[in-house]
Amino acid sequence: MAKKLKEVDVVIVGLGWTGGILSKELTDAGLKVVALERGGNRTTQDDYALPGVRDELRYVVRHDLMQNTARDTLTVRNNISQEALPMRRLGSFLPGEVVGGSGVHWSGHTWRWTDMELKVRSMYEERYGKKYIPADMTIQDWGVSYAELEPYYEKFERAAAVSGKAGNLRGQIQEGGNPFEAPRQNEYALPPLTKIHASEMFNAAAKNLGYHPFPRPSANASRPYTNQYGAQFGACEYCGYCQRFGCEANAKGSPHVAIIPAVMKSANFELRAHSWVTRVIKDKSGKRVTGVLYINVLTGEEFEQPANMVILTAFALNNVHIMLTSGIGQPYDPKTGKGVIGKNYCYQTGTSATLFFEGKHFNPFMNAGGSNDTIDDFNTNWDFDRSKFGYIGGANISGGFNTNLPIGYRPVPRGTPQWGREWKAATAKWYQAAMKIDASGAVMANRYNYLDLDPTYRNAFGQPLMRMTFDYKENEHKMGQHAAQVINDIAKSMNPTHFTPAVARTDPWTVVPYQSTHNTGGTIMGVNPKSSAVNRYLQSWDCHNLFVVGANVFAHNSSYNPTGPVGALAYWTADAIRNQYLKNPGQLVHA
Amino acid sequence: MKISRIFSMTLLAGFAACGPAQAADAAHGQKIFAECAACHSAAKAPSGVGPSLYGVFGRKAGTLDDFRFSPAMKRANIVWSRETLESYIADPQKAIPANRMPFGGIPDAQNRADLLDYMEQTFK
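Computed from a prediction, not measured in an experiment: that's the story for all the values here. (Residues numbered from 1 in each chain as written. Chains lettered and ligands numbered in written order. Predicted model: local features only at pLDDT ≥ 70, side-chain atom pairs only at ≥ 80, totals over all residues.)

## A word on the overall build of chain A
Link 1 in the chain: Counting its regular elements, chain A contains 14 helices and 24 strands.
Link 2 in the chain: In terms of overall size, chain A behaves like a compact globule, its C-alpha atoms giving a radius of gyration of 23 Å where 591 residues would be expected to give roughly 25 Å.
Link 3 in the chain: Taken over the C-alpha atoms alone, chain A extends approximately 70 × 55 × 50 Å along its principal axes.
Link 4 in the chain: Looking at chain A as a whole, 56% of its 591 residues qualify as buried.
Link 5 in the chain: Residue pairs in contact within chain A that sit at least 24 positions apart in sequence constitute 75% of those at least 6 positions apart. (Helix = DSSP H or I, 4+ residues; strand = E, 2+ residues; numbered from the N terminus. Rg over C-alpha atoms; globule rule 2.2 N^0.38 Å. Buried ≥ 20, exposed ≤ 12 C-beta atoms within 10 Å, placed from the backbone. Contact = placed C-beta atoms within 7 Å.)

Next comes the structure, spelled out in structure tokens:
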């Protein structure tokens, strides 16, 4: 029997970026906030300091900062005719499980998604006609515009110490930035990172072909920096241990550095680590929630935490799982197209080429999470005519590398044996001389890609695992073919000694190897309760005192990393709660 | 190195007529200290990511109770002074090989002099 605790104003489920932002904003508003986090509380000085943090085996192979699949995982299949099986080891994506969440182990790439995503259906219908969008592509507008989110993007970029170069300041195109970005009111918090040599070469080659390269905006502080919460960042040391690791120099914009220490100072705030929320509790009317049930994973004790307001801020997939296990909102059914929870799950796609330059010394051990150059000519460039290629969305293409670790990073040309003397000679010869050109491609929502509860398999708490049904569709295949062509043309123009060309993926998606942690959708935002789970303020259409924050509200996935809009939407939601909901609790949108 | 010493001593002696780019300048040093501040406290406070620098002058390297120093730092057998800090900050790995401070150093002598002026004024 769960022990019932004293009621609080707000319970926050998951303490990463979104949980940190909501905790800060709502404690500032005078509310009593309790944050429940599955993982432990780790800090830079105790856990991410040298030399312990530079442990490739612990963090990369054994996933020390990630969700433990022995406790909870997903079952996975490609389509509804298959039986889904549990993912017993993490592979394709890596949800974080620690105070700071995936914001501890990310690389820091921070993008502003534009109206091309937020108004995807209306913009494509207007430009290419209604028939251009395939019948099973369930893309829809998000119910929010770039102009509305702009100040919140900026707030997040300042909190996370994002380094970059503006390409469009209030409508004026800026030399050296991304000319295809939406207008920004102000420059980035910090100037761009120092380019690595491979990125300089990519930049020159891209320019030569008439493209518009620019430095990738990233939450890696290019200079010492103090954010609006008084958090002090050191300058990035280009140590090469970014993705998968906590930052040893406090140079990466991570919640446990940027915002959580400021929240911890508030008397209104309490963190309970190792607390696994199993369910949100509804009242009899079904229109309000009354708190959450959680288990202390160290002791096994179960608690009920009553609260006036519940905010789900876990990893995107886990937010969807909690909604399903709590029975809030109608689960999505791909056969009828009805229901909303689990709808429009999306992932990302990509392809890459490896270039080898005999005699070059790229120093692959030296880089920041975001010290690459990139082009958006086939991504946020609305003038790029997609109808020639027949797809929707785009791919961001970048050149260079990051987090090339001493054990795992072994680039060798095609045809090299996979072991033995020849392999050893090749890995020694080419280690210094390789670079990559990558495409990260969007995935459009599809009627048959979705999340629901598995009928067979259960987690350590006896709850059904979430079942993921996902595969790439024709849109992704076409985009992949085009992106591979662009990459290979740039690569050839650089005249490498050897080159392993980019190939478009056409094989079914699998959970191995690692691909991207950018899982989106499942409780999407929108303008209508029939087609979305939450309204434009990320408030549940069913229960007005429940907000669901994270990439799970994205109505589809773009080529960009999700953290920019995840952070901006968290601030946007906090603003709506503080300035609208608290004054007049109830549905903020009447549809 | 010597030149920067002379500059900084000139400032300490009260010679403040040089332009800010030339004279050793504790106010500028305070700005340089931002490079250190994410890890090192300048106030009387517990150690964080790096050891507290409060009272560093005259302290033997690697001896603060509340910080886990690298074996290299414990073995260094040096006492922190303006001179030893100067050479350490210039190139930390050269001065004390295998120490664990993840910082590449401050190559510019004038910046080091300004930083040390600030540190001397703040910690003494």
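Don't stop here, the text continues.
## Structural notes on the overall build of chain B
Link 1 in the chain: A count of helical and extended segments in chain B gives seven helices and zero strands.
Link 2 in the chain: Secondary structure elements of chain B occur, N-terminal to C-terminal, as α-α-α-α-α-α-α.
Link 3 in the chain: For chain B, buried positions account for 30% of its 124 residues.
Link 4 in the chain: For chain B, long-range pairs separated by at least 24 residues make up 47% of all intrachain contacts whose partners lie at least 6 apart in sequence.

## Description of the pairing of strand E13 (residues 289-296) of chain A
All names here are of chain A.
Link 1 in the chain: With seven bridges joining them, strand E12 (residues 275-282) and E13 adopt antiparallel strand pairing. Paired with Ile281 across the two strands is Gly291, which belongs to E13.
Link 2 in the chain: The loop that links E12 with its antiparallel partner E13 comprises six residues; one of these, Gly286, has a positive phi angle of about 75°.
Link 3 in the chain: Pairing of E13 with strand E14 (residues 302-312), which is carried by five bridges, proceeds in the antiparallel orientation. Within E14, the position partnered with Leu293 by the bridge is Glu304.
Link 4 in the chain: The loop that links E13 with its antiparallel partner E14 comprises five residues; one of these, Gly300, has a positive phi angle of about 80°. (Pairing = 2+ DSSP bridges.)

## Re the pairing of strand E21 (residues 464-469) of chain A
Residues and elements named next belong to chain A.
Link 1 in the chain: Taking burial as the measure, the six residues of E21 include five buried ones, the bulk of the element.
Link 2 in the chain: Relative to E21, strand E4 (residues 74-77) runs parallel, the two sharing four bridges. Of the residues in E21, the one forming a bridge with Thr75 is Arg467.
Link 3 in the chain: Pairing geometry for strand E20 (residues 450-458) and E21, over five bridges, is antiparallel.

## Comments concerning the environment of A:Tyr59
Link 1 in the chain: Secondary-structure assignment places A:Tyr59 in helix H3 (residues 56-61).
Link 2 in the chain: Taking the number of C-beta atoms within 10 Å as the measure of exposure, A:Tyr59 has 22 and is therefore buried.

## A word on the nonpolar core
Link 1 in the chain: Counting 177 residues, the largest nonpolar core has A:Ile12, A:Val13, A:Ala161, A:Val310, A:Ile311 and A:Ile487 as the members making the most contacts within it.
Link 2 in the chain: By residue number, the principal contributor to this core is helix H14 (residues 563-581) of chain A, which donates nine residues.
Link 3 in the chain: Ranked by size, the runner-up nonpolar core spans 16 residues in total, among them B:Met73, B:Leu85, B:Tyr88 and B:Leu115. (Core = buried A, V, L, I, M, F, W, Y, C linked by C-beta atoms within 7 Å.)

## Some details on the interface of chain A and chain B
Link 1 in the chain: With 15 residues of chain A at the interface, the matching set in chain B holds eleven residues.
Link 2 in the chain: The residue makeup of the side of chain A that touches chain B, split by class, is eight nonpolar, five polar and two charged. (Nonpolar A, V, L, I, M, F, W, Y, C, P; charged D, E, K, R; others polar.)

## Overview of the sheet that holds E4(A)
All names here are of chain A.
Link 1 in the chain: Ordered in space as E5-E4-E21-E20, the four strands form an open sheet in which the pairing is mixed. On the outer flanks of this sheet lie strand E5 (85-86) and E20, each paired with one strand and no other.
Link 2 in the chain: The strands that helix H11 (residues 316-326) touches are E4, E20 and E21; relative to E21, the one it contacts most, it runs at about 120°. (Axes fitted to C-alpha atoms, helices over the stretch in contact; angles between N-to-C directions.)

## Digging into the confidence of the model for chain B
Link 1 in the chain: When pLDDT is averaged along chain B, the result is 83; 80% of the residues meet or exceed 70.
Link 2 in the chain: The ipTM value of the predicted complex is 0.79, and its pTM value is 0.95. (pLDDT = per-residue confidence, 0-100.)

## What about the packing of helix H1 (residues 17-28) of chain A against H14(A)?
Residue and element names in this part refer to chain A.
Link 1 in the chain: The N-to-C vectors of H1 and H14 enclose an angle of 25°; their axes lie 9 Å apart at closest approach. Comparing their axes, H14 and H1 come out roughly parallel. Seen from above, H1 lies across H14 with right-handed handedness. Between H1, through Trp17, Thr18, Ile21, Leu22, Glu25 and Leu26, and H14, the contact on the second element is made entirely by Thr563, Val566, Gly567, Ala570, Tyr571, Ala574, Ile577 and Arg578.
Link 2 in the chain: In the contact of H1 with H14, the residues fall into nine nonpolar, three polar and two charged. (Parallel < 35°, antiparallel > 145°, perpendicular 65-115°, else oblique. Left-handed = near helix turned anticlockwise from the far one by under 90°.)

## Details of helix H8 (residues 197-208) of chain A
Structural remark: α-helix, 3.6 residues per turn; residues separated by three or four positions point the same way.
Link 1 in the chain: With twelve residues, H8(A) extends 17 Å from end C-alpha to end C-alpha; this agrees with the ideal 16 Å at 1.5 Å per step.
Link 2 in the chain: Every buried residue of H8(A) is listed here: A:Ala198, A:Ser199, A:Met201, A:Phe202, A:Asn203, A:Ala205 and A:Ala206. (Expected span 1.5 Å × (residues − 1).)

## Focus: the environment of A:Leu118
Residue and element names in this part refer to chain A.
Link 1 in the chain: Tracing the sequence through the fold places Leu118 in helix H5 (residues 115-118).
Link 2 in the chain: Judged by the 24 C-beta atoms lying within 10 Å of it, Leu118 falls in the buried class.
Link 3 in the chain: A C-alpha to C-alpha distance of 8.8 Å links Leu118 and Phe554, two positions 436 residues apart in sequence.
Link 4 in the chain: Once residues within four sequence positions are removed from consideration, Leu118 is found in contact with Trp113, Asp141, Trp142, Val144, Ser145 and Tyr146.

## Brief notes about the sheet that holds strand E16 (residues 349-356) of chain A
All names here are of chain A.
Link 1 in the chain: Strand order in the open sheet formed by six strands is E8-E17-E18-E19-E16-E22, and the pairing between neighbours is antiparallel. Strands at the two margins of the open sheet, each flanked by one partner only, are strand E8 (214-215) and strand E22 (498-500).
Link 2 in the chain: Summarising the sheet, E16 and E22 pair through three bridges and their orientation is antiparallel. Within the sheet, the bridge partner assigned to Leu355 lies in E22 and is Phe499.

## Focus: the environment of A:Tyr146
Residue and element names in this part refer to chain A.
Link 1 in the chain: On the secondary structure map, Tyr146 appears in helix H7 (residues 146-159).
Link 2 in the chain: On the basis of neighbour counts, which here come to 20 C-beta atoms within 10 Å, the residue Tyr146 falls in the buried class.
Link 3 in the chain: Sequence spacing of Tyr146 and Pro217 is 71 residues, and the spatial spacing of their C-alpha atoms is 18 Å.
Link 4 in the chain: Leaving out residues up to four positions away in the same chain, Tyr146 has contacts with Thr114, Asp115, Leu118 and Ala182.

## A short note on the packing of H7(A) against H14(A)
Residues and elements named next belong to chain A.
Link 1 in the chain: Running from amino to carboxyl end, H7 crosses H14 at an angle of 110°, the nearest separation of the two axes being 8 Å. As the angle between them shows, H7 and H14 are arranged roughly perpendicular. Crossing geometry of H7 relative to H14 is assigned as right-handed. Of H14, the residues touching H7 (which contributes Leu149, Tyr152, Tyr153, Lys155 and Phe156) are Gly564, Gly567, Ala568, Tyr571 and Trp572.
Link 2 in the chain: Residue composition of the contact of H7 with H14, grouped by class: seven nonpolar, two polar and one charged.

## A word on unusual backbone geometry
Residues and elements named next belong to chain A.
Link 1 in the chain: Cis geometry is adopted by the peptide bond preceding Pro51, which originates at Leu50 and carries an omega value of 0°.
Link 2 in the chain: Residue Pro513 follows Val512 across a cis peptide bond; omega there is -10°.
Link 3 in the chain: Structurally, Pro513 is set in the loop between E22 and strand E23 (520-522).
Link 4 in the chain: Here Asn250, not a glycine, exhibits a phi torsion of approximately 50°, which is positive.

## Focus: H11(A)
Residues and elements named next belong to chain A.
Link 1 in the chain: Extensive coverage of H11 is indicated by the burial of ten of its eleven residues.
Link 2 in the chain: Listed in full, the buried residues belonging to H11 are Ala316, Leu317, Asn318, Asn319, Val320, His321, Ile322, Met323, Leu324 and Ser326.
Link 3 in the chain: Once H11 finishes, Gly327 follows within two positions and takes phi at roughly 70°, a positive value.

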